[in-house]
Structure formats: C-alpha cells, structure tokens
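Spelled out, the chains give:
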Amino acid sequence: MNAAPKLIIVGAGISGLSAGVHAARSGFDVEIVEHHSEPGGVCTGWKHGDYTIDGCIHWLMGAREDDAHHQLYAKVGALDGVELRTLEHFVQLVDETTGERLTIDRDLDGLLAQVESISPQDLPVFRELVELARRTESIGAPPMIDAREARGLWGNLSDLWQGREFLLLMVRHFDPLSTLADRLHHPSLKYALDHMMLGAMPVAFAATLLGELERGNLATVVGGSQRFAEGMARKFVALGGKLRYEADVAEILVEHDHAVGVRLIEGEVLRADHVISTAPGPTTVFRMLGGRYTDASLRDRYARWSTFEPISMLSFGVRAQWHDRPDTLHLRLAEPFVFGPTRVEAMTVRNMAYDPSLAPAGACVIQVLMPSDFDFWHDVHHAPQRYRELKHQLAEQVRRQLERYYPGFAAAEEFVDVATPYTFWRYARSYRGAYEGWMPTSETIRARVPKTLPGLHGFHMAGQWVEPGGGVPPAVTSGRQAVQLACVELGRPFVD
Ligand SMILES: Cc1cc2nc3c(=O)[nH]c(=O)nc-3n(C[C@H](O)[C@H](O)[C@H](O)COP(=O)(O)OP(=O)(O)OC[C@H]3O[C@@H](n4cnc5c(N)ncnc54)[C@H](O)[C@@H]3O)c2cc1C
C-alpha cells in the first residue's frame, strides 16, 4: 500500500473526533485542528470551583448496550470510564397561563392518564402518538451507521429490506407535530406539542423519541457531557492521531478543484491529501472556501432553512437540593419578560441534583436555558463592562422566576455562570449561536444533505451541518461516514 495519506480534520467536536478515530484506524496520517483549547465543541462542560457545569446533553440516544449507537460510542472511546444514567424523567410542562402540569417520563400510560384528566376529548390524539411511539419501539430504527456509498449495492438493498417497516412508518408520519397540536382543544396540551416538543418536528421524530424514552434508551452522562468527548480525544491520540488546539482555520486550500490543506488565521499552511470540515456549514462553504463550490440546491438550502434559535444558558451553583422537584421543567410563564430584543415566554430549567458528582455534597446546579439574540450579545461584547452588567441583569430576572419554584433559592445561591449566544461562538464557533445547526423540520429531516461540495474533490463535511436536527448520535455516525467516503474516493479500505 502507498504511504499513509495525510488527512486534516477541522474541528474537535464529536463529529471531528469520531472522524479522527475512524481515520486513524483506517491508516490515515491524521491531524485535527481545533480553535478551542479543549475537545468536544458544543458537547462540553466546565468546572466552577467544586461544581461541574454540564453544558450539553439532556438526553443521549443509545443508553442500552444492545443499541447500535451505544456500540459505536464504545468503539470511538466515548464510553471509556464513562457511566450513562438512564433517563426516567424527560420533562414536566408547567403552564402558568392555565395552571396545568403535564409530565413526560418513561411511563407513557401515565402520560395518557394525565391527558385524560386534563382534557378527555384530547385523548385520541395523544393515544395516536403513543401508539406510534410503541410501533417504532417494536420495529426498531435501522441503525444507519454507515455511508450508503460504502455499503455497496447488496449492503444497501439489505439495509432497505431490514429497515422497510420503519422507513414506511416514517414516510407516513412526516407531517409536523403542529398538525397534531392543531387537532387538540386544551391550550396547555396544544402548547406541549407545539412548543415544548418543537411543533416543526415531524410526528415520526417525536414518536421515535418517546419510544426510545419508554424503552430506556435515553441517558445523561454521569459527571457531565465533556467526559464523552474527552474519552474520544484520548482514544484518538492513543491511535496515533495528532490533536492541535488553539489553531483557527481561516481557509481551506484548493488546487485544481482538489482540497490540499488549510491555512490557519496566523498564516501557517498545513498540507494534506484530504480535508474533512466539521466547522459550521456557512463558515466552511462561504468563508473557508469563498462560496466557490455551491450549486442551486445548496444555495436554496442556505437561503431558506432555519437554524436553531440561539440560547442563553444560566447555571446557578446552589448550596441546597430540591429532590422533590422534577429533573427538568419547561416553564411557560404567565408573565413573560423582555430582555434586549427577546421576549422570553418560556424557559427550560434543569435541576441537576440527579447527578451528585456535579456538585459538592448537599448542593446542586440549577440550569436555565432560554431564547436569546445573537446580534444583541455579539455587539455588546465589545464593551466588556456593559456585557457583564447585562449578564447580571439577566441573571436577576431569572433568579426571580426560580425563587417561586425553589424556595430559598436566592439565599442558597453561591454563583451564577451566564453563557450567551456569543459565548457559544467564542468557545465552539457556533455560527450565529446556532448551537445545533439546522432545525429539524419535515423538510430538513427528510433531505439527504451531501457530505461533498459540488465540483470539489479531496473534501468532505461531517457533523450537525450535514445532519439536520443535530445531536450527538448523528455527529458520531457522520464523522465515521465522512471517513468511509474518503476511503472510497482514495480507493483505500475502511478499517472498522
Ligand atoms: C445546550 C445544548 C444541549 C444539547 N443537548 C443535546 C442532547 O440532549 N442530545 C444530543 O444528542 N445532542 C444535544 N446537543 C447537540 C449536540 O451536542 C451537537 O449536535 C453535537 O455535539 C455537534 O457536534 P459537531 O461535531 O457536529 O459540531 P461542534 O460541536 O460544533 O464541533 C465543531 C468544532 O469545530 C471547531 N471549529 C469551528 N470552526 C473552526 C475553525 N475555523 N478552526 C478550527 N476549529 C473550528 C469548533 O470549535 C468545534 O469544536 C446539545 C447541544 C447544546 C449546545
């Protein structure tokens, strides 16, 4: 075999690390260049004194050992020394506008009982959703771990045959969840499907999620999401990969329509035979490649598709615990408040006492996620004092809300850590704070976004900007698939 081809991967998020591990196993001389000083991208967590702030995973698909994603996580090192905690509770909606509460947990019969007591006439719609969830559970989703191009004709035919029932079910239920919400009468139940679970999401997607919850296939990462990424980074380095931090890629170098390396912001050039970018799509396509490799369908996608709305994330360290309160609340506020250009009508609150390793004994992290505005925070970061003042003001607004649900909260508070949409850009280069790429809608979930760019060779994309809806599982499979495609292009075997 010829000398190992040099592969450069832009980004040490989950997809870049997955690509790195697979490429190293497949005999590439591989280097990951990452602008930040740590691995993980948006799948991260950080220390604040004795506390750990988990900045990412609420529910990870693939908790069960018999799940294909779980097995893939193990292969890429993500589970080395890592414990997954099966999710029992998903979320409780507290609708302050009506006084209703609706709890979604592993007990889907319990969900139906709640719906019946809130609004009996709405029971048939929820029954449909739960029945669909159980059908997805019994059929089982096809793993979709490998790139079609690497599976060959027979592999693809066999996948189609094995996954036929699931795929048919998906196709039949691709309408947005809002179509179910439209058939409901009670405002809180309508809200639950339209907002708490993202109304634009296809019904099939929501049903699969509920099915995975019921069968115990959703988890959180004990000790915080960064442990998942750290395991992958260790595996990559152990396999001989080079991981270079604080290296910001300005340009992907191209000669004769073939990617030949990258140029870092300081000017240094790194040559390669092949490049994989996991940086955000708009950054990769329009900044690093100057928009030279596009076609009508790509431009249409970038012009029309919506990206995830930016969020602010406030993590409070508190010397108290409220074990009687649900792990996650979705608060629909009776009195919305305005902050900068954003009207905050709802917020998600995570009561992270469920993982004692995240805080000192008797303490916990209470974390709030709420809609926010990228330009507002980006513009003000140029005036650091004002930026800090605004963070304090936002924390004060949120604190007032929390005191109502966690009595004694303010007195027990030790610190607050405020991450704004600008923070997501500063640490993970999230394009305009879109921390999870394209929104999952009936159109985007169905689309197959190519991992190549028209007319460009020696180049692939991986990660949440080619896997609409984002998420850790697609990031892991996407990195693997980009390497499989590179192997096909270079005529090399893919080593699993
Ligand atoms: C708050 C939050 C909650 C989430 N909850 C869940 C959940 O419960 N379940 C789930 O499955 N998923 C969840 N996700 C989504 C999931 O974490 C992401 O979809 C996934 O980790 C994305 O991985 P990625 O590699 O595609 O992208 P990224 O993590 O964005 O990685 C891209 C990497 O490229 C680097 N980069 C970008 N530009 C450059 C450049 N110019 N030069 C060098 N490096 C560059 C970035 O620094 C980054 O490290 C959540 C995300 C967030 C933020």
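Everything here concerns the structure above.
Note that the coordinates shown come from a computational prediction; the quantities given were computed from them, not determined experimentally.

Calculation notes
- Residues numbered from 1 in each chain as written.
- Predicted model: local features only at pLDDT ≥ 70, side-chain atom pairs only at ≥ 80, totals over all residues.
- Near = placed C-beta within 6 Å.
- Helix = DSSP H or I, 4+ residues; strand = E, 2+ residues; numbered from the N terminus.
- Buried ≥ 20, exposed ≤ 12 C-beta atoms within 10 Å, placed from the backbone.
- Pairing = 2+ DSSP bridges.
- Axes fitted to C-alpha atoms, helices over the stretch in contact; angles between N-to-C directions.
- Parallel < 35°, antiparallel > 145°, perpendicular 65-115°, else oblique.
- Left-handed = near helix turned anticlockwise from the far one by under 90°.
- Contact = placed C-beta atoms within 7 Å.
- Nonpolar A, V, L, I, M, F, W, Y, C, P; charged D, E, K, R; others polar.
- Core = buried A, V, L, I, M, F, W, Y, C linked by C-beta atoms within 7 Å.
- Arc of directions from axis to C-beta.

Which residues make up the site of the ligand, and what values go with them?
Surveying the vicinity of the ligand reveals 37 residues, the closest of which are Gly11, Gly13, Gly41, Gly463 and Gly470. Going through the elements one at a time, α1 (14–25) and α18 (472–490) are the ones with two or more residues in the shell around the ligand.

Please give an account of the pairing of strand β7 (residues 89–95) that cites residues and values.
Counting buried positions along β7 gives 5 out of 7 residues, so the element sits mostly inside the fold. Where β7 and strand β8 (residues 100–105) come together, 6 bridges link them in antiparallel fashion. Its bridge partner being in β8, Asp95 is matched across the sheet by Glu100. Where β7 folds back on β8, the antiparallel hairpin that results is connected by 4 residues, among which Gly99 adopts a positive phi of roughly 85°. Here β7 pairs with strand β16 (residues 328–339) via 4 bridges, running parallel. Paired with Asp95 across the strands is Arg332, a residue of β16.

Account for the packing of α1 against α18, with residues named and values stated.
Interaxial distance between α1 and α18 falls to 7 Å at its minimum, and their mutual angle equals 40°. By the criterion of interaxial angle, the relationship of α1 to α18 is oblique. Viewed along their axes, α1 and α18 form a crossing whose handedness is right-handed. For the pair formed by α1 and α18, the contact residues are Ile14, Ser15, Gly16, Leu17, Ser18, Ala19, His22 and Ala23 on the first element and Val472, Ala475, Val476, Ser478, Gly479, Arg480, Ala482 and Val483 on the second. The class makeup of the residues in the contact of α1 with α18 is 9 nonpolar, 6 polar and 1 charged.

Mind laying out the sheet that holds strand β2 (residues 29–33), listing which residues take part and the relevant values?
Strands sit in the order β10-β2-β1-β14-β20 across an open sheet of 5 strands; the sheet is parallel. Strand pairing shows two members of the sheet lacking a second neighbour, β10 (242–244) and β20 (459–461), which therefore form its edges. Averaged over all neighbouring strand pairs, the angle between strand axes comes to 15°, with direction disregarded.

Pulling in residues and values, what's your account of the sheet that holds strand β17 (residues 342–351)?
Taken together, 7 strands build an open sheet; the order of strands is β8-β7-β16-β17-β18-β15-β19 and the sheet is mixed. Bordering the open sheet on either side are β8 and β19 (413–419), each of which pairs with just one other strand. Averaged over all pairs of adjacent strands, the angle between strand axes in this sheet comes to 25°, irrespective of strand direction. Note that β16 and β17 share 8 bridges and pair antiparallel. Bridge pairing links His330 to Thr348 in β17.

Give me the nonpolar core: which residues, what numbers.
A general feature of soluble globular proteins is that nonpolar side chains tend to end up buried together. Counting 136 residues, the largest nonpolar core has Leu7, Leu129, Ala206, Val365 and Ile366 as its most contacted members. Once residues within four sequence positions are removed from consideration, Leu7 is found in contact with Ala23, Phe28, Asp29, Val30, Ala272, Asp273, His274, Ile276 and Ala486.

Got a sec to walk through helix α2 (residues 68–75)? Specific residues and values, please.
Think of an α-helix as turning once every 3.6 residues; residues three or four places apart then point the same way. Of the positions making up α2, those classed as buried are His69, His70, Leu72 and Tyr73. Down the axis, α2 shows its buried residues gathered within 160° of arc, on one side only. Where α2 is buried, its residues contact β5 (60–61) and α18. Looking at the residues trailing α2, positive phi occurs at Gly77, about 90°.

Describe unusual backbone geometry, naming the residues involved and giving the relevant values.
Positive phi values are uncommon outside glycine, yet His256 reaches one of about 50°. Among the structural elements, His256 can be located in the loop between β11 (249–255) and β12 (258–264). At Arg429, a position not held by glycine, the phi torsion is positive, near 55°. On the secondary structure map, Arg429 appears in the loop between α16 (421–428) and α17 (442–446).

Hey, could you go over the environment of Ala78 for me, with residue numbers and the actual values?
With respect to the helices and strands, Ala78 occurs in the loop between α2 and β6 (84–86). Counting along the chain gives 149 residues from Ala78 to Arg227, while the straight-line C-alpha distance between them is 7.6 Å. When near neighbours in sequence (up to four residues on either side) are disregarded, Ala78 contacts Tyr73, Phe228, Gly231 and Met232.

Fair warning: the whole summary comes from geometry, so function is off the table for now.
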